[in-house]
Amino acid sequence: MDSLLRHMVDMTGHRDHTMLDVSVISAVQELSGALQTRVLSIATVCGQRFVRSRACIRAGGVACPEEAQDGSSPGEPIGAHPELAHCLDAHDARAEGVAPNGLRRLWLPIWVGDKAHTCLEITHAHGFTTESIHTISGIVSVYRNFQNLLDYSERDSLTGLLNRKTFDDQLARMLQAGDAELRVPGQPERRQHVGEEKQWLAVIDVDHFKGVNDRFGHLYGDEVLILVANLLQSSFRSQDRVFRFGGEEFVVLLRSTTLENARKIIDRFRTNVEAHPFPQVGRVTVSVGFTCISAADSPVVTLGHADQALYFAKANGRNRACHYEELVAMGLLQTIATNDTAEFF
């Protein structure tokens, strides 16, 4: 009982979805004796459902390595887990199955109304007793309720993406923490020594969006924003954070990657939008400006760098991604003056 209460206190003490995910899988892992516990994101892309690991922990409190994601795939097709697919179709509370290696699996979708965008997957060597399922279900209920509270304050009501206030908070924390990694509670800090890996901020704007609203109406404009938001979620990696900044503008925080990979992921998203058929509207494109996040800069200056690269992209043909530091090095942008709150060009 003491262990359960400790985990409940830990779960409800967070104001961040990532740490809430880590807390719930830590609690389930310890209390159920599972071999592995994951939080899965469920996304629908072009009418097909995919699952992608958002957080993972193995026996002994060892965090699983991040899944390899370069933006080329929205995740694993739901068909790879037929029991979970049937559970979602039937709106069931849970599903059980046996993995190819003989291990038992339990899936618990997090239902919000008639939709489930998140699911817990628990892998056990010997199956699940009635008592363990009861305990896990109680933890999941607390997790669902607290996740809904966070969603209400942190997410945009139209697209479901994180909102601008949450972006401001997360960028400020990222700048304060530098390259510090999130840790699994109770485990020692892990540090990676990857010379060229950095954090990146990308600002995305839908090209000629006013023309979409003027020609087709705001309902189709909203649909374009929702579809772009879906492409953002499926194109970027699980550790990246995607926000609706306001209007037709979106922001992405890319964590721990190289310039080459950041450029590849961003440009693949851009081409995914360009190739996507938007009902009634037809072809839609986006322009992107991105910059390296430096702890030496304030949030305003960092966002200003990405904005300047975005403006350059829109002024030079649109439907392109521009890197701020590269533009400055090439003499295409020039910093005239700077202070703690603004940078002028």
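Here's what I pulled together on the structure shown here. Since the structure is predicted, the reported quantities are computational estimates derived from the model, not experimental observations. For every chain, the first residue of its written sequence is number 1, and the numbers climb from 1 along that sequence. For this predicted model, a pLDDT threshold of at least 70 governs which residues receive local features, and a threshold of 80 or more governs which side-chain atom pairs are given and counted, while totals over whole chains, interfaces and linings are taken from all residues. To get the side-chain values, take all heavy atoms of the structure and skip hydrogens and water.

Here a helix means four or more residues in a row that DSSP labels H or I, a strand means two or more in a row labelled E, and each is numbered from the N terminus. One less than the number of residues in a helix, times 1.5 Å, gives the span that helix is expected to have. The end-to-end C-alpha distance of helix 4 (residues 130–154) is 35 Å, a good match for the 36 Å that 25 residues give at a rise of 1.5 Å each. Residue burial is assigned from relative accessible area. The probe radius is 1.4 Å, only protein chains are included, and a residue is buried under 20% of its type maximum, exposed over 50%, and partly exposed in between. Among the residues of helix 4, those classed as buried are S132, I133, I136, I139, V140, Y143, F146, Q147, L150 and E154.

This brings us to the packing of helix 7 (residues 218–235) against helix 8 (residues 259–275). Note on geometry: axes are C-alpha line fits, over the in-contact stretch for helices, and angles between N-to-C directions span 0 to 180 degrees. It is the contact of helix 7 with helix 8, at a shortest axis distance of 10 Å, that shows an interaxial angle of 145°. The hand of the helix 7/helix 8 crossing is right-handed. Along the contact surface, helix 7 presents V228, L231, L232 and S235, while helix 8 presents I265, F269, N272 and V273. Polar here means any residue outside two lists: the nonpolar Ala, Val, Leu, Ile, Met, Phe, Trp, Tyr, Cys and Pro, and the charged Asp, Glu, Lys and Arg; Gly therefore counts as polar. Each residue belonging to the contact of helix 7 with helix 8 can be placed in one class, and the counts come to six nonpolar, two polar and no charged. The hand of a helix crossing depends on one turn: near helix anticlockwise from the far one by less than a right angle means left-handed, and clockwise means right-handed. Working rule for contacts: check all heavy atoms of both residues, and any pair within 4.5 Å makes them a contact.

What counts as a salt bridge is simple: a side-chain nitrogen of Lys or Arg found within 4 Å of a carboxyl oxygen of Asp or Glu. All chains considered together, the criterion is met by 14 salt bridges. With a shortest N-O distance of 2.8 Å, D267 and R270 are connected by a salt bridge. Linking D267 with R270, this pair stays in helix 8, spanning three residues, or about one helical turn. A relative accessible area of 28% means that D267 is categorised as partly exposed.

Let us now look at the packing of aromatic side chains. We call Phe, Tyr and Trp rings a pair once their centres come within 6.5 Å, taking the six-membered ring for Trp, and we label the pair stacked below 30 degrees between planes, edge-to-face above 60, and tilted otherwise. Following the criterion strictly, the structure yields five aromatic pairs and no others. Aromatic side chains F216 and Y220 sit 6.5 Å apart centroid to centroid with 65° between the ring planes, which places their arrangement in the edge-to-face category. On the basis of relative accessible area, Y220 is assigned to the partly exposed category, the value being 31%. The interplanar angle of 45° and the centroid separation of 5.7 Å between the aromatic rings of F236 and F269 together place this pair among those described as tilted. Placement of the pair is F236 in the loop between helix 7 and strand 9 (241–246) and F269 in helix 8, with a sequence separation of 33 residues. Just as F236 is buried, F269 falls in that class too. Through a chain of ring-to-ring contacts, three or more aromatic side chains come together here, namely F167, F243 and F245.

Turning our attention to helix 2 (residues 17–32). Given a rise of 1.5 Å per residue, 16 residues ought to cover 22 Å, and the 22 Å separating the end C-alpha atoms of helix 2 matches this to within 8%. Of all 16 residues in helix 2, 14 are buried; the element is thus mostly enclosed.

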